[in-house]
Number of protein chains: 2
Amino acid sequence: MSVGREGRLSAWIERFAAHFAEEGIPLIGGRILGYLLVCQPTERTAAELSQELEASSGSISTNLKFLVNAGLVTKRTRRGRQAAQYRIDEKRWADLVQRKLDALVSVRELTESGMRLMSGDPERALRLRAVNELYTWLATELPPLWERRPSPSTR
Amino acid sequence: MSVGREGRLSAWIERFAAHFAEEGIPLIGGRILGYLLVCQPTERTAAELSQELEASSGSISTNLKFLVNAGLVTKRTRRGRQAAQYRIDEKRWADLVQRKLDALVSVRELTESGMRLMSGDPERALRLRAVNELYTWLATELPPLWERRPSPSTR
DNA sequence: CCTTGGCTTCGGTCAACACTGAAGCCATAG
DNA sequence: CTATGGCTTCAGTGTTGACCGAAGCCAAGG
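Residues numbered from 1 in each chain as written. Chains lettered and ligands numbered in written order. Predicted model: local features only at pLDDT ≥ 70, side-chain atom pairs only at ≥ 80, totals over all residues. Heavy atoms only, no water.

Trainee: Is there a simple way to explain the protein's contact with DNA strand C in this structure?
Mentor: Around DNA strand C, the structure places 20 residues, and the nearest of them are Ser61(A), Ala83(A), Leu27(B), Ser56(B) and Ser59(B). For DNA strand C, the backbone portion of the atoms within 4 Å of the protein, that is sugar and phosphate, comes to 68%. A distance of 3.5 Å separates a phosphate oxygen of DNA strand C from a polar backbone atom of Ile28(B). Contacts to DNA strand C include Ser59(B), whose side-chain N or O atom sits 2.8 Å from a phosphate oxygen. Counting residues per element, the ones that place at least two in the surface near DNA strand C are helix H3 (46–52) and helix H4 (57–70) of chain A together with helix H2 (27–38) and helix H4 (57–70) of chain B. For the surface near DNA strand C, the element with the most residues is H4(A), which contributes four residues. The class makeup of the residues in the surface near DNA strand C is eight nonpolar, eight polar and four charged. (Near = heavy atom within 4 Å. Polar contact = N/O pair within 3.5 Å; in protein donor to acceptor, adjacent residues only side chain to side chain. Helix = DSSP H or I, 4+ residues; strand = E, 2+ residues; numbered from the N terminus. Nonpolar A, V, L, I, M, F, W, Y, C, P; charged D, E, K, R; others polar.)

Rendered as structure tokens:
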């Protein structure tokens, strides 16, 4: 008994969501992201997501709000009391990655301020200095690298 | 009434711990790291940490075990039933950062396997493809950059 | 004005986890 | 062999946060 394409896709969505759950994105939020990346057609209403992902309407609503707010999902409203359509905004995925890199680099501010507190006692500052140098290197290398990132290929 | 150097340092330790708490390191674990980065002398026993950081012996024990296991802290035992000494191993800090970068890059495996599931339907794969390209770029750029990282300056 | 569909809000439940403090466990010294 | 100091383990507590589902709210249509 083999699992069909859709079955394999939902297993993939589950792995996808699991990964981001480890990074703090709620499981249902991750499922929405994974699903919206591969569904056909590309747009879904909240009710459809609720049914497809077997999640309560409340959870879908909360997580969609979060994802729309993060810019990863776009809400399209239509006239005539029709349900809003949600779709992924894959171009904004870079923002997500950038936030990760920023968080990493931002530790430097901590180590720098720590170094300032220790000025006048270089011996004692040795350990912090080693850590500070690592983050200083990251802070000088990562942002320029990120700027050189190629724009996504069209088609 | 000004706050002394030690007072400012413990405020710094608290900010330090708060940052890493957001990344999933327990608050007390973060305090231990911050404290061991700046304390003088550089080595402390579990009992001393417990007193300095006002944390229970159990919490200190659990977190030290975690940090030693992660390689960030080194345990030094001495003969004669003396308390073990703990000190930071600042050189291992790079491991921590590397794990972060690896986690980021590893998303590529997810997007790649998703792309494979969508082969034969390029139209439908468009959204995932854009995301995949981003992670592919990261996977080709970050590891080499990391290798070029300078070794910490000695003194 | 009332109904209807559809999202959002909110109280409640459940699980996970950090933290505590006391009990347990060793290895050495007496 | 017993006492002692010192870490580790463990059961219990409190908190946090995801999730559910029912109630609420809103806009358009009847």
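Still to come is the rest of the account.
Trainee: I would appreciate a short explanation of the domain arrangement of chain A in the present structure.
Mentor: As assigned here, chain A comprises domain 1 (5–88) and domain 2 (94–147). Using C-alpha coordinates to define each centre, domain 1 of chain A is positioned 36 Å away from domain 2 of chain A. (Domains from an automatic or database assignment.)

Trainee: Any chance you could explain helix H7 (residues 126–147) of chain B here in plain terms?
Mentor: What sets the pattern is the α-helix's 3.6 residues per turn: residues three or four places apart point alike. Over its 22 residues, H7(B) extends 33 Å from the first C-alpha to the last, a length consistent with the 32 Å expected when each residue adds 1.5 Å. What H7(B) keeps buried is the set Arg127(B), Leu128(B), Val131(B), Asn132(B), Leu134(B), Tyr135(B), Trp137(B), Leu138(B), Ala139(B), Leu142(B), Leu145(B) and Trp146(B). (Expected span 1.5 Å × (residues − 1). Buried < 20%, exposed > 50% of the residue type's maximum accessible area, 1.4 Å probe, protein only.)

Trainee: Please clarify how unusual backbone geometry should be interpreted in this entry.
Mentor: Trans peptide bonds make up most of the peptide bonds, and negative phi angles are found at most residues other than glycine. All names here are of chain A. Cis geometry is adopted by the peptide bond preceding Pro 41, which originates at Gln 40 and carries an omega value of 0°. Here Pro 41 is to be found in the loop between helix H2 (27–38) and H3. Phi is positive for Glu 54, which is not a glycine, with a value near 50°. Relative to the assigned elements, Glu 54 resides in the loop between H3 and H4. According to the relative accessible area criterion, Glu 54 is exposed, its value standing at 74%.

Trainee: Before we go on, may I ask you to explain the relation of the copies chain B and chain A in this structure?
Mentor: Both copies of the chain are related through a single rotation about an axis accompanied by a shift along the same axis. Relative to chain A, chain B is turned by 180° and slid 0.0 Å along the rotation axis, the superposed coordinates differing by an RMSD of 0.1 Å. Viewed as a symmetry operation, the transformation between the two copies matches a two-fold axis. Same-surface contact between copies: 100% of interface residues of chain B are shared with the interface of chain A. (Least-squares fit on C-alpha atoms with pLDDT ≥ 70 in both. Contact = heavy atoms within 4.5 Å.)

Trainee: Hey, could you run me through the pattern of salt bridges in this one?
Mentor: Between side chains of opposite charge, pairing is possible as soon as their charged atoms come close. Applying the stated criterion across every chain yields a total of 17 salt bridges over all chains. We note a salt bridge from Asp89(B) to Lys91(B), for which the minimum N-O separation is 3.3 Å. Ionic pairing is found between Asp95(B) and Arg92(B), a salt bridge with its closest N-O pair at 2.6 Å. Using a relative accessible area of 25% as the deciding quantity, one classes Asp95(B) as partly exposed. Its relative accessible area of 34% is what places Arg92(B) among the partly exposed residues. Three or more residues are tied together by salt bridges with common partners; here these are Glu43(A), Arg76(A) and Arg87(A). (Salt bridge = Lys/Arg side-chain N within 4 Å of Asp/Glu carboxyl O.)

Trainee: What should I look at first to understand helix H5 (residues 93–105) of chain A in this one?
Mentor: For H5(A), which comprises 13 residues, the first-to-last C-alpha distance of 19 Å matches the rise-based estimate of 18 Å (1.5 Å per residue) to within 8%. Along H5(A), the residues classified as buried are Trp93(A), Ala94(A), Leu96(A), Val97(A), Leu101(A), Leu104(A) and Val105(A).

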